[in-house]
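Close look at the chain arrangement
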Amino acid sequence: MTHFKSPVSFKLLSLCLLSFITLTSCNKEKEPAVTSVAAQTYLDEVVGLVKANSINRKTIDWTVFKAKVDAQARGAQTIADTYPAIQLGLTLLGDNHSMYYATTGTTFYGNRTVSCTDLNPITGTIYKGIGYVKVTAFNGGGSDATKFAQSIQDAIKAADSDSIIGWIVDLRDNLGGNMWPMIAGVGPLLGEGVCGYFLDPDGNASAWSYQKGSALLNQAELTKVESAYTVRKATAKVAVLTNQATASSGEAVAIAFKGRPNTRSFGKATCGLSTANVTNKLSDGALLNLT
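These notes cover the structure that comes with them. (Residues numbered from 1 in each chain as written. Predicted model: local features only at pLDDT ≥ 70, side-chain atom pairs only at ≥ 80, totals over all residues. Heavy atoms only, no water.)

1. Here's the deal with the overall build of the protein
Helix and strand counts for the protein come out as 7 helices and 12 strands. The proportion of buried residues among the 291 residues of the protein is 39%. Once local pairs closer than 6 in sequence are excluded, the contacts in the protein between residues at least 24 apart make up 68%. Carbon and sulfur atoms make up 57% of the accessible area of the protein, which totals about 16,600 Å². (Helix = DSSP H or I, 4+ residues; strand = E, 2+ residues; numbered from the N terminus. Buried < 20%, exposed > 50% of the residue type's maximum accessible area, 1.4 Å probe, protein only. Contact = heavy atoms within 4.5 Å. Areas by Shrake-Rupley, 256 points an atom, 1.4 Å probe, with all protein chains shown as cover.)

This is how it looks when you write it as structure tokens:
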């Protein structure tokens, strides 16, 4: 004899079966996302560069660093997919200065703990007998760097006279760029000789200096003006103006003046990025500007 279940029993059985399937699906572990070989290889290239060259390379736990960066990139299939992981890496470096220039034109830093911004600087009348020179940010090189340095020296020459009793060097809102044409430009006021140093994590020093129209790093000439000027009063007082938007190479110029006699700085504390960046070209043509 054939027995048929009642409609109520059949419906109850269907609900139970559906609940079982749902419960089984929920308990099944989700398959981990797999990063492609191309994406992981690129990320390894970036991490390898920062591990070998970062200013903070001696204080970072690189096993933990790489694990966090790899975790952020999990599932990445293309180089563009690794950008969030690279940005995390820049944040973990903790130097506030390194940056990445993608081939797409995208540029990003890590999350910074400093802000290089300020209100519009206060301006006023420059009294007779006071020479004034503004040093702005500059990012060029080659002949453009020479022209930039020469323009600063020409401004100093134009303002100089026998009646000059002091100078103002205005570094406010100078966010940086290429420091060497800046040093070569202010050279007549700075004076000749060593004016600063880079120190690497091992304590090795590289000297900056100004000599006869040239800005040098360890005696290697990096920028030279075409017509060097010598001020009439080499020991005249100099006031250096800074604000929170004085950063990077702008700060290097401020540092260069610190050892000069008869010199004081006025204004606000600078941004805090007085570190050197070196540009590294990656395999896809992107640039990693690494502190």
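What follows picks up the thread again.
2. Focus on the pairing of strand β10 (residues 263–267)
Across 5 bridges, the pairing between strand β9 (residues 237–242) and β10 is parallel. Within the sheet, the bridge partner assigned to Thr242 lies in β10 and is Gly267. Crossover β9 to β10 through helix α7 (residues 249–258) is right-handed. (Pairing = 2+ DSSP bridges. Right-handed = clockwise from strand over helix to strand, strands pointing away.)

3. Thoughts on the packing of helix α6 (residues 179–190) against α7
Each pair of packed helices can be summarised by the angle the axes make with each other and by the distance between the axes. Put simply, α6 and α7 touch, their axes get as near as 10 Å, and they point 25° apart. By the angle between their directions, the pair α6 and α7 is classed as roughly parallel. Both α6 and α7 take part in a crossing whose hand is right-handed. For the pair α6 and α7, contact is made by Met179, Met182, Ile183, Val186, Leu189 and Leu190 and by Ser249, Gly250, Ala252, Val253, Ala256 and Phe257, respectively. A per-class count over the contact of α6 with α7 returns 10 nonpolar, 2 polar and no charged. (Axes fitted to C-alpha atoms, helices over the stretch in contact; angles between N-to-C directions. Parallel < 35°, antiparallel > 145°, perpendicular 65-115°, else oblique. Left-handed = near helix turned anticlockwise from the far one by under 90°. Nonpolar A, V, L, I, M, F, W, Y, C, P; charged D, E, K, R; others polar.)

4. Observations regarding helix α3 (residues 62–73)
Counted at 1.5 Å a residue, the expected span for α3 with its 12 residues is 16 Å, and the 16 Å between its end C-alpha atoms agrees. Residues of α3 that are buried include every one of Trp62, Phe65, Val69 and Ala73, and no others. Take α3 and look down its axis: the buried residues cluster within an arc of 60°, on one side only. Contacts from the buried residues of α3 go to α2 (37–53) and α4 (83–93). Of the residues that open α3, the one with a side-chain oxygen 3.2 Å from the backbone nitrogen of Thr63 is Asp61. Phi for Gly75, located one or two positions after α3, is positive at around 90°. (Expected span 1.5 Å × (residues − 1). Arc of directions from axis to C-beta. Polar contact = N/O pair within 3.5 Å; in protein donor to acceptor, adjacent residues only side chain to side chain.)

5. Focus on the nonpolar core
In terms of nonpolar packing, the biggest core is built from 35 residues, with Ile156, Trp167, Val169, Ile183, Leu189 and Phe257 touching the most fellow members. For this core, the secondary-structure elements that each account for two or more residues are α5 (142–159), β4 (166–170), α6, β6 (205–211), β9 and α7. No other element matches the 8 residues that α6 contributes to this core. Once you skip the residues sitting within four places of it in the chain, Leu189 turns out to touch Val133, Ile156, Trp167, Val169, Val231, Phe257 and Arg260. By size, the runner-up hydrophobic cluster in this structure holds 23 residues, among which are Tyr42, Leu90, Tyr100 and Ala286. (Core = buried A, V, L, I, M, F, W, Y, C linked by side-chain atoms within 4.5 Å.)

These figures capture arrangement, not role.
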